[in-house]
Amino acid sequence: MPTFSDIKARMRLPLIGSPLFIVSYPELVAAQCKAGIVGSFPALNARPEGELVKWIEFLNEELAKWDRDNPDRPSAPYAVNQIVHKSNTRLDDDMGVCVDYKVPLIISSLGARPEINDAVHGYGGLVLHDVINNRFAKKAIEKGADGLVAVAAGAGGHAGRLSPFALMQEIRDWFDGPVALAGAISNGRSIVATQALGADFAYAGTVFIATEEAHASPAYKDAIVEHAADDIIYTNFFTGVHGNYLRPSIEAAGIDPDVLQSGNPEQMKVLEYRSEGKSKAWKDIWGCGQGIGAIDKVGTVAEVVDRMAHEYNAALADMKALNAVRQRQISGRNRP
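Residues numbered from 1 in each chain as written. Predicted model: local features only at pLDDT ≥ 70, side-chain atom pairs only at ≥ 80, totals over all residues. Heavy atoms only, no water.

Novice: When you look at the pairing of strand 5 (residues 126–131) in this model, what are you seeing that I'm missing?
Specialist: On a regular strand, one side chain projects to one face of the sheet and the next to the other, so that they alternate. Burial of strand 5 is extensive: five of the six residues sit out of reach of the surface. Two strands pair when backbone bridges link them, and strand 4 (residues 105–109) and strand 5 are joined in this way by four bridges, in the parallel orientation. Across the sheet, the residue bridging to leucine 105 is leucine 126, located in strand 5. Chirality of the crossover, the property in question, places the unit of strand 4, helix 5 (residues 114–122) and strand 5 among those that are right-handed. Two elements, strand 5 and strand 6 (residues 147–151), share four bridges in a ladder whose sense is parallel. (Buried < 20%, exposed > 50% of the residue type's maximum accessible area, 1.4 Å probe, protein only. Helix = DSSP H or I, 4+ residues; strand = E, 2+ residues; numbered from the N terminus. Pairing = 2+ DSSP bridges. Right-handed = clockwise from strand over helix to strand, strands pointing away.)

Novice: Is there a simple way to think about the pattern of salt bridges in this case?
Specialist: Within the structure shown, the criterion is met by 13 salt bridges. For glutamate 115, the salt bridge is made with arginine 113, and the minimal N-O distance between the two is 2.6 Å. For glutamate 115, a relative accessible area of 43% gives the class partly exposed. Under the relative-accessibility criterion, arginine 113 is labelled partly exposed at 28%. Of the charged contacts in the structure, one is a salt bridge between arginine 247 and aspartate 258, with a shortest N-O distance of 2.9 Å. On the criterion of sequence distance, the pair formed by arginine 247 in helix 11 (residues 247–252) and aspartate 258 in the loop between helix 11 and strand 12 (274–275) is long-range, its members being 11 residues apart. According to the relative accessible area criterion, aspartate 258 is exposed, its value standing at 56%. (Salt bridge = Lys/Arg side-chain N within 4 Å of Asp/Glu carboxyl O.)

Novice: Where do I start with the packing of aromatic side chains in this structure?
Specialist: Where two aromatic rings form a pair, the distance of their centres and the angle of their planes describe that pair. Counted according to the given criterion, the structure contains seven aromatic pairs. On the numbers, 4.9 Å between centres and 10° between planes, the contact of tyrosine 220 with tryptophan 286 is stacked. One end of the pair, tyrosine 220, is in helix 10 (residues 218–226); the other, tryptophan 286, is in the loop between strand 13 (279–280) and helix 12 (301–334), and 66 residues separate them in sequence. A cation sits over an aromatic face here: lysine 8 above phenylalanine 201, 5.4 Å from the ring centre. (Phe/Tyr/Trp six-rings, centres within 6.5 Å; stacked < 30°, edge-to-face > 60°. Lys NZ or Arg CZ within 6 Å of the ring centre and 35° of its normal.)

Novice: Just checking my understanding: could you explain the state of the cysteines for this structure?
Specialist: Linking two cysteines covalently through their sulfur atoms gives a disulfide. All chains considered together, the criterion is met by zero disulfides. Note on cysteine 33: no disulfide assigned, nearest cysteine sulfur contributed by cysteine 98 at a separation of 14 Å. What makes cysteine 33 buried here is its relative accessible area of 0%. (Disulfide = S-S within 2.5 Å.)

Novice: Where do I start with the packing of helix 4 (residues 91–100) against helix 5 in this structure?
Specialist: A pair of packed helices is captured by two measures, namely the crossing angle of their axes and the spacing between those axes. In contact at an axis separation of 10 Å, helix 4 and helix 5 are set at 15° when each is read in the N-to-C sense. By the criterion of interaxial angle, the relationship of helix 4 to helix 5 is roughly parallel. The handedness of the crossing between helix 4 and helix 5 is right-handed. Residue-level inspection shows Leu91, Met95 and Val99 of helix 4 in contact with helix 5, the latter providing Ile116, Ala119 and Val120. (Axes fitted to C-alpha atoms, helices over the stretch in contact; angles between N-to-C directions. Parallel < 35°, antiparallel > 145°, perpendicular 65-115°, else oblique. Left-handed = near helix turned anticlockwise from the far one by under 90°. Contact = heavy atoms within 4.5 Å.)

Novice: Would you explain the sheet that holds strand 10 (residues 232–235) in this entry?
Specialist: Strand order in the open sheet formed by three strands is 7-11-10, and the pairing between neighbours is antiparallel. Edge positions in the open sheet fall to strand 7 (157–158) and strand 10, since each of these has one partner strand only. Inspection of the sheet shows strand 7 paired to strand 11 (residues 243–246) by two bridges, in the antiparallel sense. Bridge pairing in strand 11 places glycine 157 opposite asparagine 244.

Novice: Would you mind showing me how to read the sheet that holds strand 1 (residues 15–17) here?
Specialist: Within a sheet, adjacent strands bond to each other through the backbone by hydrogen bonds, running parallel or antiparallel. Strands sit in the order 1-9-8-6-5-4-3-2 across an open sheet of eight strands; the sheet is parallel. Across the chains shown, the open sheet's two edge strands, defined by having one partner strand only, are strand 1 and strand 2 (39–42). Strand after strand, the sheet turns through a mean of 25° between neighbouring axes, direction not considered.

Novice: Could you clarify how one ought to interpret the side chain of serine 249 in this entry?
Specialist: Along the polypeptide, serine 249 turns up in helix 11. One polar contact links the side chain of serine 249 to the main-chain carbonyl oxygen of leucine 246, over a distance of 2.7 Å. (Polar contact = N/O pair within 3.5 Å; in protein donor to acceptor, adjacent residues only side chain to side chain.)

Novice: I tried to follow the packing of helix 2 (residues 26–34) against helix 3 (residues 51–69) on my own but got confused; where do I start?
Specialist: Between helix 2 and helix 3, the shortest axis-to-axis distance is 10 Å and the interhelical angle comes to 30°. The angle between helix 2 and helix 3 places the two elements in the roughly parallel class. The two elements helix 2 and helix 3 cross, and the hand of that crossing is right-handed. Counting all contacts with helix 2, which are made through Pro26, Glu27, Val29, Ala30, Cys33 and Lys34, the residues of helix 3 involved are Trp55, Phe58, Leu59, Glu62, Leu63 and Trp66.

Novice: Help me out: how do you make sense of helix 2 in this one?
Specialist: Burial analysis of helix 2 places seven of its nine residues in the buried class, which makes it a mostly covered element. Looking at helix 2, one finds that the buried residues are Pro26, Leu28, Val29, Ala30, Ala31, Gln32 and Cys33. Of the residues one or two after helix 2, glycine 36 is the one with positive phi, at around 100°.

Novice: Would you take a moment to explain the environment of tyrosine 78 for this structure?
Specialist: Inspection of the secondary structure puts tyrosine 78 in strand 3 (residues 78–83). Taking the C-alpha atoms as reference, tyrosine 78 lies 4.9 Å from glycine 39; in sequence the two are 39 residues apart. Not counting residues within four places of it along the chain, the set of residues in contact with tyrosine 78 comprises Val29, Cys33, Val38, Gly39, Ile56, Leu59, Asn60, Leu63, Val103, Pro104 and Leu105. A distance of 2.8 Å separates the side chain of tyrosine 78 from the side chain of asparagine 60, its partner in a polar contact.

If you want it as structure tokens, here you go:
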């Protein structure tokens, strides 16, 4: 099974497409991997439970075919996200499928369990655990995770409050392993910024909601394009865990986003929130990150990755030129 160095060697960009509840289906993940970034999906998206086997078999076959037909552009690996929370009654069965099929990368969320890490390590797989602060980061590594997804302020879905500067600084003070950084990543310059902060990968989701391959409603995709960061509400009302949501979707559900009560994390049900029997969190209440201002159209995954790669390379060139200017300035000051 691959190491993180092996994974990066197969990637066009140091970018992981984050698992999007209800949105990330095999077609989106396959397109991300073919475009040269890690694609991922939550195991809970595959319903009923037996569908998970079909999804993994589809991805294995689709990516193997791509690699045979495109030896000069091999696909990046895919990841399966496991919600490690007591409300997820499918966890053990879904992990059994991942072990049977030797899924290369597991992204665990909402709880760190050593037995999950041990099961993945047993077949040579790797585990990234997502965290919103340094305390959770230390717990995840102590319990055997190989690396971290640092979910900073501005990320879509369940997101933290901390600035990426603060979060990466604290994590890198003690941990030198793989870290992916999430939080408003929608262009190539942002990817360069994550590397400047010490991350190995950027972690982006919202930018892929507005793609043709995403399993999202046309209205959801259009809303991503039409709105901006000011249209996002940060609340734990819907699931008990704080997250970012599009204000218009909350209003469309008949809820006043300005008077949301505090949710209870002890009563969180990953799939079951309803508002007066009508709206279900994640389906009708749309998760969204603060990077939506950079998204101006619905396109294909390949187009999005092409754009981000162009921006990434341009940003690196700008940084190189800036550094050259800086070095000349220093050299000039040091002359006798």
